[in-house]
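The primary structure of each chain is shown beneath.
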Amino acid sequence: MLVELSPEQMLLCHEEAVGRADHYVQGRRKNMKDGLTPEQVISYNVDGCMGELAVAIATGLEWTGVHGPQRHDVGDRLEVRSTRYQGGKLIVKEVEADRCPPSTPYVLAIIQGSSVRVAGWQTLDYVVEYGGAYEQKGLVFLTVPQADLIPITDLP
């Protein structure tokens with residue numbers, strides 16, 4: 001499903017991304033963005049916000065933009081992962097299996113300019129059981145190819 005974001009929605013994503021980047025730069029959040037410039041962190045977060053907003057539009061669920069370990073990205077249960085790679089995979093940190101229920105849907109959003117293709121979703125349980133694994137910077141990541149994702153229209 002393709003979602004076209006309006007200029008106003010793009011601005012909203014940028015404003016939220018700046019807030020997330022400020023939070024990161026102030027050292028309150030340590031993750032894979034170590035070593036990036038503040039501008040790169042903002043760009044990374046814009047992509048994440050765009051994916052989250054597009055999934056909210058596609059599903060009709062709420063997106064507040066509020067980010068944090070105790071919140072889901074969309075509604076009260078969806079986690080969203082965004083990429084600019086058209087052939088990209090759904091990528092989930094293995095440690096997320098400790099903080100989310102196995103039935104949590106993880107959604108892949110692919111950024112294309114101001115358009116976002118919601119590629120599909122899969123449960124955390126599926127990602128943990130069948131995802132390919134790789135290690136980077138001491139963290140294990142699990143990956144699921146787009147071919148193994150369920151269409152967003154089939155999300156219960």
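Rules and cut-offs
- Residues numbered from 1 in each chain as written.
- Predicted model: local features only at pLDDT ≥ 70, side-chain atom pairs only at ≥ 80, totals over all residues.
- Heavy atoms only, no water.
- Helix = DSSP H or I, 4+ residues; strand = E, 2+ residues; numbered from the N terminus.
- Expected span 1.5 Å × (residues − 1).
- Pairing = 2+ DSSP bridges.
- Axes fitted to C-alpha atoms, helices over the stretch in contact; angles between N-to-C directions.
- Phe/Tyr/Trp six-rings, centres within 6.5 Å; stacked < 30°, edge-to-face > 60°.
- Buried < 20%, exposed > 50% of the residue type's maximum accessible area, 1.4 Å probe, protein only.
- Salt bridge = Lys/Arg side-chain N within 4 Å of Asp/Glu carboxyl O.

Q: I'm lost on helix α2 (residues 38-59) in this one. Help?
A: In this model, α2 (22 residues) spans 31 Å end to end at C-alpha, consistent with the 32 Å of a helix rising 1.5 Å per residue. Directly after α2, the chain includes glycine 60, whose backbone phi takes a positive value near 75°.

Q: Explain the sheet that holds strand β1 (residues 2-4) here, please?
A: Strand pairs in the sheet, formed through backbone hydrogen bonds, run parallel or antiparallel to each other. Reading across the sheet, the 4 strands line up as β1-β5-β4-β2 and stay open at both edges, with mixed pairing between neighbours. Both edges of this open sheet fall to β1 and β2 (79-83), since each of them pairs with a single strand only. In this sheet, adjacent strand axes meet at a mean angle of 30° when their direction is disregarded. With 3 bridges connecting them, β1 and strand β5 (residues 115-123) associate as antiparallel partners. In the sheet register, glutamate 4 faces β5, and the bridge partner there is serine 115.

Q: How do you make sense of the packing of aromatic side chains when you look at a structure like this?
A: The description of an aromatic ring pair rests on the distance of the ring centres and on the angle between the ring planes. Inspection of every chain in the model, using the stated rule, returns 2 aromatic pairs. Ring geometry for tyrosine 126 versus tyrosine 130: centroids 4.8 Å apart, planes at 45°, classification tilted. You can see tyrosine 126 and its partner tyrosine 130 sitting in helix α3 (residues 124-130), 4 residues apart, about one turn around the helix. When its relative accessible area of 24% is taken as the criterion, tyrosine 126 is described as partly exposed. On the basis of an interplanar angle of 15° and a centroid distance of 5.3 Å, the ring pair of tyrosine 134 and phenylalanine 141 is categorised as stacked. Residue classification places tyrosine 134 among the partly exposed residues on the basis of a relative accessible area of 32%. By relative accessible area, phenylalanine 141 is classed as buried at 7%.

Q: I keep staring at the sheet that holds strand β7 (residues 139-144) and nothing clicks. Help me out?
A: One open sheet holds the 3 strands; their spatial order is β3-β7-β6, and the pairing between them is antiparallel. Of all strands in the sheet, those with a lone pairing partner are β3 (90-93) and β6 (132-136), marking the two edges. Each strand axis lies, on average, 30° off the axis of its neighbour in the sheet, ignoring direction.

Q: Hey, could you run me through the pattern of salt bridges in this one?
A: Two side chains with opposite charge may pair up if their charged atoms get near one another. Taken as a whole and assessed by the stated rule, the structure comprises 8 salt bridges. Linking arginine 84 and aspartate 47 is a salt bridge whose minimum nitrogen-to-oxygen distance equals 2.9 Å. Of the two residues, arginine 84 is situated in the loop between β2 and β3 and aspartate 47 in helix α2; the sequence distance between them amounts to 37 residues. Look at aspartate 47 and you get buried, because its relative accessible area is 12%. With a closest N to O distance of 3.7 Å, glutamate 96 and arginine 99 form a salt bridge.

The analysis is restricted to geometry; functional conclusions fall outside its scope.
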